[in-house]
Each structure stands twice: as structure tokens, then as C-alpha cells.
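This is what each chain is made of:
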Amino acid sequence: KAGVTQTPRYLIKTRGQQVTLSCSPISGHRSVSWYQQTPGQGLQFLFEYFSETQRNKGNFPGRFSGRQFSNSRSEMNVSTLELGDSALYLCASSQRGGANEKLFFGSGTQLSVL
Amino acid sequence: DQQVKQNSPSLSVQEGRISILNCDYTNSMFDYFLWYKKYPAEGPTFLISISSIKDKNEDGRFTVFLNKSAKHLSLHIVPSQPGDSAVYFCAAITGNTPLVFGKGTRLSVIA
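Below is a summary of the structure that appears in this document.

The rules behind each value
Residues numbered from 1 in each chain as written. Chains lettered and ligands numbered in written order. Predicted model: local features only at pLDDT ≥ 70, side-chain atom pairs only at ≥ 80, totals over all residues. Heavy atoms only, no water. Pairing = 2+ DSSP bridges. Helix = DSSP H or I, 4+ residues; strand = E, 2+ residues; numbered from the N terminus. Axes fitted to C-alpha atoms, helices over the stretch in contact; angles between N-to-C directions. 1 Å grid on protein atoms, 1.4 Å probe; cavity = no way out; pocket = protein on both sides within 12 Å on 5 of 7 lines; lining within 4 Å. Points joined across faces, edges and corners; volume = space filled by probe spheres on them. Nonpolar A, V, L, I, M, F, W, Y, C, P; charged D, E, K, R; others polar. Salt bridge = Lys/Arg side-chain N within 4 Å of Asp/Glu carboxyl O. Buried < 20%, exposed > 50% of the residue type's maximum accessible area, 1.4 Å probe, protein only. Contact = heavy atoms within 4.5 Å. Buried area = accessible area lost by both parts, 1.4 Å probe. Polar contact = N/O pair within 3.5 Å; in protein donor to acceptor, adjacent residues only side chain to side chain.

Brief notes about the sheet that holds strand β7 (residues 64-68) of chain A
Residues and elements named next belong to chain A.
Then, number 1: An order of β1-β3-β8-β7 is seen for the four strands of this open sheet, with the pairing classed as antiparallel. The open sheet terminates on both sides in strands that have one partner only, identified here as β1 (5-7) and β7. Adjacent strand axes in the sheet meet at a mean angle of 20 degrees, parallel and antiparallel pairs treated alike.

See the structure below:
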């Protein structure tokens, strides 16, 4: 079974631009979560999608948005990029997003904002 | 407000010795705890978990201990191996809320 796939692996953008990141979950997994990892801040939850609906949202500004498609693939978008958005963005999937389910993470997209 | 805290950013241990990674939490509603391991350029991978109804869970060289009264859990790795060198994240969850992660502890196992 293929793992969680995130594209692209690396991105360089400038302030004010927007970016779209993509995530393909493990086949059969319907829940997709997004996390931001920055040095010293650990993994911070962005949002979770299940069956094309946003089920949970973290404490991030409205510039961060996401969506999920009928095939469970998910995208996240960051508009009006700021220097502080430079981070590793991780996507994770699970079958139903249940409380005791393991999350399976992709390798992440490393975003650098110049 | 950090609900899951890993107060040691880094830890160095000699190969063959025990590694002890600590984690404290503030939310008494957390009822399930997990440890994830992360190598550079890879996503975190699940290592071991424990339910709040238990105080110990063991899987091979890895054991997690939970002290609910102290709101503290620890991960023991015995014996430590160079391949264990990674960043370890403690995480906690309650109900259908998302996993809350700590900031991680970088473990270096020295041969």
C-alpha cells in the first residue's frame, strides 16, 4: 500500500504570493489532517477534513485554508505569504480520524518564504 | 497555552544505555497518549501509545509509562541504538479533538 504522498517536496516563494500544497492519503483513508512544523514550535494543527468536510480547525489566520476532494485527496492554500509561514507542512491520514487511530504522515512540503 | 510539554529539547545517550524521554500535560481530559519518531526529511512515524486506563505499555525495546496524578508520561528505550537517533514527539488526544503535540526532544545515541 502506498503511503501518504505530499507534493511538492520543496517550495520557495516570496512574500505576498500564494501557495497550494497537495496531499494524497493512503488508499481507503478518509480523514486528512494538516500540521505546521517550525523549529522550536513542534507540530501545530491546522485543520482536518473528513469526507470533504472540515471537521476541526486550529488557531491559524484565515490566510490558511484547505479542501478535500471526493477521492479524499486534500489541498491546503496559504495566501499573502509572510516570512513566518516558512515551515515544514505535514499531511497525515487515517481511516476515520477517530480518537485512537494512528496518524500516518507524509514526508512534508518544506516551504521557504523569502 | 501549551497543553503538552517536552521540556528537554535534546538528550544524548551512549549506545546500550537507557534513554528516558519525558512529557508533561496540563489537560486532565486527555485520555490517549502517543509517541512519534521523526527522522530528518521524513514525516513522523507512530512508535507507541497508551490509554489513560493503563500505566504502562511495552513494545520491544520501547516502554511508555503514564502517571495520571502527576500528568506525566515517559518513554524508555532500552537498550538505545544509534538508529534511535531522531526527534521524538509526545502527543495527546481526547474525544474527537485533534492530536496535540509537544515540541519534541532530539535524541542522539552515541556509539
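Still more to cover.
Describing empty space enclosed by the protein
Then, number 1: Within this structure, the stated rule accounts for one cavity of 30 Å³ or more.
Then, number 2: Gly97(A), Leu103(A), Ile93(B), Pro98(B) and Leu99(B) are, among the 17 residues lining the largest cavity, the residues nearest its centre.
Then, number 3: Taken together, the elements giving at least two residues each to the lining of the largest cavity come down to β4 (31-38) and β5 (42-50) of chain A.
Then, number 4: Here the residues of the lining of the largest cavity sort into seven nonpolar, eight polar and two charged.

Quick look at the pattern of salt bridges
Then, number 1: With the rule as written, the count across this model stands at eight salt bridges over all chains.
Then, number 2: Here Arg73(A) makes a salt bridge to Glu75(A), at a shortest N to O gap of 3.4 Å.
Then, number 3: With a relative accessible area of 15%, Glu75(A) lands in the buried category.
Then, number 4: In this structure, the salt-bridge partner of Asp84(B) is Arg61(B), at a minimum N-O distance of 2.8 Å. In this pair, Asp84(B) is assigned in the loop between β8 (72-77) and β9 (86-93) and Arg61(B) in the loop between β6 (56-59) and β7 (62-67), connecting sequence segments 23 residues apart.
Then, number 5: On the basis of relative accessibility, which here comes to 2%, the residue Asp84(B) falls in the buried class.
Then, number 6: Members of the salt-bridge network, linked through shared partners, are Arg63(A), Glu82(A) and Asp85(A).

Description of the interface of chain A and chain B
Then, number 1: Residue-level contacts link 18 residues of chain A with 17 residues of chain B.
Then, number 2: Counting each side, the surface lost to burial between chain A and chain B is near 1,500 Å², with a carbon and sulfur contribution of 60%.
Then, number 3: Linking chain A with chain B are four residue pairs in polar contact (both at pLDDT 80 or more), by the criterion used here.
Then, number 4: Elements with a minimum of two residues in the side of chain A that touches chain B: β4, β5 and β9 (87-94) of chain A.
Then, number 5: For the side of chain A that touches chain B, the leading source of residues is β5(A), giving three residues.

Some thoughts on unusual backbone geometry
Then, number 1: Backbone torsion omega between Thr7(A) and Pro8(A) reads -10 degrees, so that peptide bond is classified as cis.
Then, number 2: One can find Pro8(A) in the loop between β1 and β2 (10-13).
Then, number 3: Here the residue pair Val78(B) and Pro79(B) is connected by a cis peptide bond, since its omega of -10 degrees sits within 30 degrees of zero.
Then, number 4: In this structure, Pro79(B) sits in the loop between β8 and β9.
Then, number 5: Despite not being glycine, Glu52(A) has its phi angle at roughly 70 degrees, a positive value.
Then, number 6: Among the structural elements, Glu52(A) can be located in the loop between β5 and β6 (53-57).
Then, number 7: Accessibility expressed as a relative area gives 47% for Glu52(A), which makes it partly exposed.
Then, number 8: The phi dihedral of Lys71(B) falls on the positive side, at around 50 degrees, and the residue is not glycine.
Then, number 9: Along the chain, the position of Lys71(B) falls in the loop between β7 and β8.
Then, number 10: For Lys71(B), a relative accessible area of 27% gives the class partly exposed.

Any functional reading would require information that these geometric values do not contain.
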